[in-house]
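If you want the building blocks of each chain, they are given just below.
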Amino acid sequence: QVQLVESGGGLVQAGGSLRLSCAASGSAFSINVMGWYRQVPGKSRESVAQIFTGGNTNYADSVKGRFTISRDKAKNTVYLQMNSLKPEDTAVYYCNAVDIYRIVSWGQGTQVTVSS
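Residues numbered from 1 in each chain as written. Predicted model: local features only at pLDDT ≥ 70, side-chain atom pairs only at ≥ 80, totals over all residues. Heavy atoms only, no water.

*Asks:* Mind laying out the overall build of the protein, listing which residues take part and the relevant values?
*Replies:* Broken down by element type, the protein carries zero helices and eleven strands. Reading the secondary structure of the protein in the N-to-C direction produces β-β-β-β-β-β-β-β-β-β-β. For the protein, the C-alpha radius of gyration of 13 Å lies close to 13 Å, the compact-globule estimate for 116 residues. Dimensions of the protein, computed from C-alpha atoms along their principal axes, come out at roughly 40 × 25 × 20 Å. Scored against the burial criterion, the 116 residues of the protein give a buried share of 41%. A fraction of 51% describes how many contacts in the protein between residues 6 or more apart in sequence connect residues 24 or more apart. As displayed, the protein offers around 6100 Å² of accessible surface, 49% of which is attributable to carbon and sulfur atoms. Placing the 11 positive and 7 negative side-chain charges of the protein at their respective mean positions leaves the two points 3 Å apart. (Helix = DSSP H or I, 4+ residues; strand = E, 2+ residues; numbered from the N terminus. Rg over C-alpha atoms; globule rule 2.2 N^0.38 Å. Buried < 20%, exposed > 50% of the residue type's maximum accessible area, 1.4 Å probe, protein only. Contact = heavy atoms within 4.5 Å. Areas by Shrake-Rupley, 256 points an atom, 1.4 Å probe, with all protein chains shown as cover. Lys, Arg positive; Asp, Glu negative; His and termini not counted. Charge placed at Lys NZ, Arg CZ, Asp CG, Glu CD.)

So this is what it looks like as structure tokens:
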């Protein structure tokens, strides 16, 4: 079982930056891919970015060129650097991990609010 704890959310003005962190514990050695998702009230959760064990990354079109996902394997931590933030980036951001057994784990979520 993998436990995930996010941090780094907050309130920022449009054009600003935030960095989210997600620390994994438990069976972190079995993680195959980690990622970030976001959700706004009334909408389904959407994928933002993923990073795979080999270092490959995927991004949603809406964040390409602005967000960067990275991973520190020694610390079992994944980061999401968010630059040039827009009001439409406002959401609760969730960390996600999928292990080699395809078990999915979620963090508790962290609020990101971008004011115009």
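*Asks:* For the sheet that holds strand β7 (residues 67-72), give the residues involved together with the corresponding values.
*Replies:* Here we have four strands laid out as an open sheet, ordered β1-β3-β8-β7, and antiparallel in their pairing. Looking at the sheet topology across the chains shown, the edges are occupied by β1 (2-7) and β7. Shown here is a sheet whose adjacent strand axes are inclined to one another by a mean of 15°, direction ignored. By the bridge criterion, six bridges tie β1 to strand β3 (residues 18-26) in an arrangement that is antiparallel. Residue pairing across strands places S7 opposite S21, the latter belonging to β3. (Pairing = 2+ DSSP bridges. Axes fitted to C-alpha atoms, helices over the stretch in contact; angles between N-to-C directions.)

*Asks:* Can you explain the side chain of E6? Please cite residues and give values.
*Replies:* Position of E6 among the secondary structure elements: in strand β1. One polar contact links the side chain of E6 to the main-chain amide nitrogen of Q108, over a distance of 2.9 Å. At 2.8 Å, the side chain of E6 and the backbone nitrogen of G109 are in polar contact. Those residues in contact with E6 that sit more than four places away from it in its chain are S21, C22, W36, Y93, Y94, C95, G107, Q108, G109 and T110. (Polar contact = N/O pair within 3.5 Å; in protein donor to acceptor, adjacent residues only side chain to side chain.)

*Asks:* Now, about the packing of aromatic side chains: what can you tell me, with residues and values included?
*Replies:* Within the structure shown, the criterion is met by one aromatic pair. Between the NZ or CZ atom of R45 and the centre of the ring of Y94, over which it lies, the distance is 3.7 Å. Sitting over the face of the ring of W106, R45 holds its NZ or CZ atom 4.6 Å from the ring centroid. (Phe/Tyr/Trp six-rings, centres within 6.5 Å; stacked < 30°, edge-to-face > 60°. Lys NZ or Arg CZ within 6 Å of the ring centre and 35° of its normal.)

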